[in-house]
Amino acid sequence: MSKRKLKESSAESAECISQVQKILRERFCHHCAAGKLFGLEQQYRHLLELLKRTTVHGESNSALVIGPRGSGKSALLNHVLKDLREMEQVRENLLEVHLNGNCQFLMKNPFLSGLLQTNDKVALKEITRQLQLENVVGDKVFGSFAENLAFLLEALRKGDRSSSCPILFVLDEFDLFVHHKNQTLLYNLFDISQSAQTPVTVIGLTCRQDILELLEKRVKSRFSHRQIYLMNSFDFKQYIKIFKKQLSLPAEFPDESFAQKWNNNVQHLSEDKTVQDVLQNLFHHTKDLRSLHLLLMLASSAVTVHHPLLTAADLQEASRQHSTDSKANIVHGLSVLEICLIIAMKHLNEVYDGEPFNFQMVYNEFQKFIQRKAHSMYNFEKPVVMKAFEHLLQLELVQPLERPSARAQREFLLMKLLLDSSQIMDALQVYPNCPTDVKQWAASSLSWL
């Protein structure tokens with residue numbers, strides 16, 4: 001009987017841990033509207049009112065949401081759209097389009113990304129696909145970009161404020177759309193949003209503060225100049241509160257006793273001096289909440305049935321992983337020859353004050369070292385050294401300054417090193433079985449002249 005109870009309790013605890021992992025991963029990994037906004041109440045009200053006027057009263061608008069990466073632009077928009085969809089007066093206007101497989105948006109909502117829609121033609125195809133107009137409309141078959149654009153504009157202009165379904169255009173990475181030829185798409189979208197036709201709202205998300213300076217005069221004249229700025233202005237006390245809210249389990253968690261135990265543990269962690277030091281370091285480095293989410297994600301991955309509650313040690317280990325230099329980790333796996341080439345590049349950077357170098361210069365530097373230390377280092381053939389250099393190029397530790405042409409000789413292509421001196425020296429300290437001569441060469445302030 002006791003064994004059966006033990007099995008049931010372990011199954012229940014496993015189920016609890018699974019639920020905790022699921023809730024925290026959804027919170028940390030997605031820009032879902034289920035999470036909470038921190039310090040964005042004013043911007044939330046502004047954007048909600050703007051979109052409500054479009055959906056309820058049929059007003060056309062345009063606005064830019066501006067803020068650094070990780071400041072919550074996408075999260076803010078997702079919250080607004082979720083709350084808007086739950087309003088009764090909006091529900092009749094509601095037409096959902098599923099995007100990226102994990103979000104639902106109201107109205108007809110083409111969500112465009114400047115990283116995916118790299119020119120106006122691709123962007124227009126995506127708009128017509130999401131508005132379900134891509135193949136045949138009556139007897140009309142889409143042909144050229146001009147015909148496609150003309151049809152879309154005509155379809156939008158035939159509508160009116162009273163009977164047409166409002167359309168929301170969300171342009172992610174808005175600054176990349178600015179670089180499209182003649183800004184044709186932006187001009188036409190802003191032009192329609194200024195006219196008394198189909199209700200259209202254009203929302204741009206960007207991290208560029210100077211975005212208005214990049215717009216052409218004719219595009220700028222049709223933009224409403226509404227700008228919503230997002231800045232992480234909270235202090236460290238508020239940062240601790242965010243930490244607690246992000247780790248706490250909701251009231252509707254199935255197992256109340258476990259949720260209470262978990263939340264009490266989170267409260268104790270927030271008061272722990274070690275945890276506060278970890279959070280203080282991250283806070284001084286960046287206020288970006290995505291960095292905090294990554295730290296908490298790494299820490300929560302240590303939670304298991306046998307280790308059901310987070311500890312300060314888990315957060316310390318997560319902080320160590322979070323701050324690990326990925327390029328320095330790559331250096332740990334290189335051969336001694338490749339390490340020598342990186343040290344040769346380091347010395348060239350010091351001698352020539354960061355000027356670009358080529359393979360021949362690196363090879364000559366390496367040969368000087370070999371001649372001085374012939375008793376302890378094996379002299380490799382030039383093709384072997386070239387192969388090692390190309391491997392560094394593939395690992396993106398070295399980068400060419402320009403695209404190599406068919407005629408250019410590989411030995412003389414100008415390169416730059418993507419590692420700084422401190423990264424190289426730190427990596428050498430933990431490099432296994434590194435020859436002493438190589439370490440001394442790296443530490444020397446002058447090249448082997």
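Residues numbered from 1 in each chain as written. Predicted model: local features only at pLDDT ≥ 70, side-chain atom pairs only at ≥ 80, totals over all residues. Heavy atoms only, no water.

### As for the nonpolar core
Next up, step 1: With 38 residues, the main nonpolar core has I339, L341, M345, V362, F389 and L392 as its most contacted residues.
Next up, step 2: Mapped onto this core, the elements with two or more residues apiece are α16 (326–332), α17 (336–351), α18 (359–372), α19 (382–394), β11 (415–417), α20 (421–429) and α21 (436–443).
Next up, step 3: The greatest single-element share of this core, amounting to nine residues, is contributed by α17. (Core = buried A, V, L, I, M, F, W, Y, C linked by side-chain atoms within 4.5 Å. Buried < 20%, exposed > 50% of the residue type's maximum accessible area, 1.4 Å probe, protein only. Helix = DSSP H or I, 4+ residues; strand = E, 2+ residues; numbered from the N terminus.)

### A look at unusual backbone geometry
Next up, step 1: Despite not being glycine, H225 has its phi angle at roughly 65°, a positive value.
Next up, step 2: With respect to the helices, strands and loops of the structure, H225 is situated in the loop between α10 (217–220) and β9 (227–229).
Next up, step 3: A relative accessible area of 39% means that H225 is categorised as partly exposed.

### A look at the confidence of the model for the chain
Detailed reading of the predicted coordinates is not advisable wherever pLDDT is low.
Next up, step 1: This prediction gives the chain a mean pLDDT of 77; 75% of its residues lie at or above 70.
Next up, step 2: For residues 94–110, every residue scores under 50 in pLDDT, and the model assigns this stretch 54 contacts once sequence neighbours within four places are set aside. (pLDDT = per-residue confidence, 0-100. Contact = heavy atoms within 4.5 Å.)

### Some details on the packing of helix α13 (residues 273–285) against helix α14 (residues 289–300)
The relative placement of two packed helices comes down to the angle between their axes together with the axis-to-axis distance.
Next up, step 1: For the pair α13 and α14, interaxial distance at closest approach is 10 Å and the crossing angle is 145°. Between α13 and α14 lies a crossing of right-handed hand. Contact with α13, carried on its side by V278, L279 and L282, involves S291, L292 and L295 of α14 and no other residues of that element.
Next up, step 2: Here the residues of the contact of α13 with α14 sort into five nonpolar, one polar and no charged. (Axes fitted to C-alpha atoms, helices over the stretch in contact; angles between N-to-C directions. Left-handed = near helix turned anticlockwise from the far one by under 90°. Nonpolar A, V, L, I, M, F, W, Y, C, P; charged D, E, K, R; others polar.)

### Concerning the pattern of salt bridges
Next up, step 1: Tallied over the entire structure, the rule returns 10 salt bridges.
Next up, step 2: Note that D210 is salt-bridged to R208, the shortest N-O span being 2.9 Å.
Next up, step 3: On the basis of relative accessibility, which here comes to 33%, the residue D210 falls in the partly exposed class.
Next up, step 4: Take R208: its relative accessible area is 30%, and that puts it in the partly exposed class.
Next up, step 5: For E216, the salt bridge identified is with R218, shortest N-O distance 3.2 Å.
Next up, step 6: Three or more residues joined by partner-sharing salt bridges are found here, namely E49, R53 and E59. (Salt bridge = Lys/Arg side-chain N within 4 Å of Asp/Glu carboxyl O.)

### Here we look at the environment of S71
Next up, step 1: Relative to the helices and strands, S71 resides in the loop between β1 (61–66) and α3 (73–85).
Next up, step 2: It is 6.3 Å that separates the C-alpha atoms of S71 and L230, two residues lying 159 residues apart in sequence.
Next up, step 3: Contact partners of S71, with chain neighbours within four places excluded, come to L40, L230 and N232.
Next up, step 4: Among the polar contacts listed, one links the side chain of S71 to the backbone oxygen of P68, at a separation of 2.6 Å. (Polar contact = N/O pair within 3.5 Å; in protein donor to acceptor, adjacent residues only side chain to side chain.)

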